[in-house]
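Analysis of the macromolecular model
Listed here are the chains, written in short residue letters.
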Amino acid sequence: VRALQDTVARRLSSEDGIDGLIIDLSALAIADSFAAKVLGETADMARSLGARTVLVGLRPAVAITLVDLGIELPRAETALTLEAALAKLNLRIVRDE
Amino acid sequence: VSTITARDAIADVITSVTSPVGARAILGSLPSSDAYEPVGDLDLVTVAGLIAHVMANLKVFSVKGEIQQVSWRLWRNMSGGVSPKPCRVSIHVASDRDLVRAQRATALLTAHTFSPTEAVQMGTAVSELGRNIYLYAKSGDLHLSVGALDRVARFELEAVDQGPGIPNLEGILAGKYVSKTGLGRGILGTKALLDDMVIDSKPGVGTTIRGWKNGKQLWR
């Protein structure tokens, strides 16, 4: 998760015109309070660099566990699918004919 | 001395609930390393793995009677009425990488005797306690086990370190105190993921945390 944070920081500060960040969590099997904290910090950092963050694909068991732990991810928006996440950022997939 | 092998115990059940062809196919697909061991020598996680394998393959063939009953009969036959011995894993924790090993070990131990959500809860509890070890005590050990108590699967975890101890433990347990690093919330949260958790911490001596969680009823 630290590596993710570094990559996001580098890309957002070196490239112009990035106003949205979507993080796919579908491969995240376990999220403890540290992982949640780093994700929250990443969203904060992205916002200070001008990008909104949407978390997508959080597994149900992981979501339940975060609630049990008493952890919320208040600084990031969440969406069930990539399409929904793009819609939150007012984007949609356009296919060329 | 009983020398019934796992294969014998499984054959006894499945030949009576499925066709001879099906029974032979399933017996042939058993991992030979475990199947020829005497049932008394197998630990609970190995037994659970063999039974999960048989149950998954039985779905392919027609089964007489209720699936749940078949699973219970397999457990009864494989255990001889006595709970299989617990499967234990110990992991020395001194870095981030060790936490990933501990998470994977927990997943393997709990795969067939707990629900997927429970497995994630226990993996997360292990991760939280392991992280506390290397953040506050630099190193320590996690002892994990899955066994059975009164025919119910039981996960037990013990986190041991010789670190500085947990300051203001009473305040933390009463929910009145959270450290700057969030330690208090982490400990209470971890307790909520388990059925119960007991903390023994002495300043300058170290901390031992024991927790447990019950899983599936294995047989009746």
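Preceding block: the structure.
So, here is what we can say about the structure in this document.

The rules we used
- Residues numbered from 1 in each chain as written.
- Chains lettered and ligands numbered in written order.
- Predicted model: local features only at pLDDT ≥ 70, side-chain atom pairs only at ≥ 80, totals over all residues.
- Heavy atoms only, no water.
- Salt bridge = Lys/Arg side-chain N within 4 Å of Asp/Glu carboxyl O.
- Helix = DSSP H or I, 4+ residues; strand = E, 2+ residues; numbered from the N terminus.
- Buried < 20%, exposed > 50% of the residue type's maximum accessible area, 1.4 Å probe, protein only.
- Contact = heavy atoms within 4.5 Å.
- Buried area = accessible area lost by both parts, 1.4 Å probe.
- Polar contact = N/O pair within 3.5 Å; in protein donor to acceptor, adjacent residues only side chain to side chain.

1. Focus: the pattern of salt bridges
Using the criterion set out here, one finds nine salt bridges over all chains in the structure. Note that R47 of chain A and D44 of chain A form a salt bridge whose closest N and O atoms lie 3.6 Å from each other. Of this pair, R47 of chain A and D44 of chain A both sit in helix α2 (residues 33–48), three residues apart, roughly one helical turn. On the basis of relative accessible area, D44 of chain A is assigned to the partly exposed category, the value being 23%. One salt bridge in this structure joins K202 of chain B and D200 of chain B, with 3.3 Å as the shortest N-O distance. Look at D200 of chain B and you get partly exposed, because its relative accessible area is 39%. Through salt bridges with shared partners, a single network forms among D32 of chain A together with D96 and R131 of chain B.

2. Considering the interface of chain A and chain B
At the interface, 13 residues of chain A touch 15 residues of chain B. Counting the surface lost from both chain A and chain B, the interface buries some 1,200 Å², and carbon and sulfur atoms represent 62% of this. Summed over the three residues of chain A that lose the most area to chain B, namely I30, D32 and L69 of chain A, the buried surface amounts to 43% of that side. The tally of links between chain A and chain B comes to one salt bridge. Across the pair D32 of chain A and R131 of chain B runs a salt bridge, and its minimum N-O distance is 2.9 Å. Put simply, chain A and chain B have four residue pairs in polar contact (both at pLDDT 80 or more) between them.

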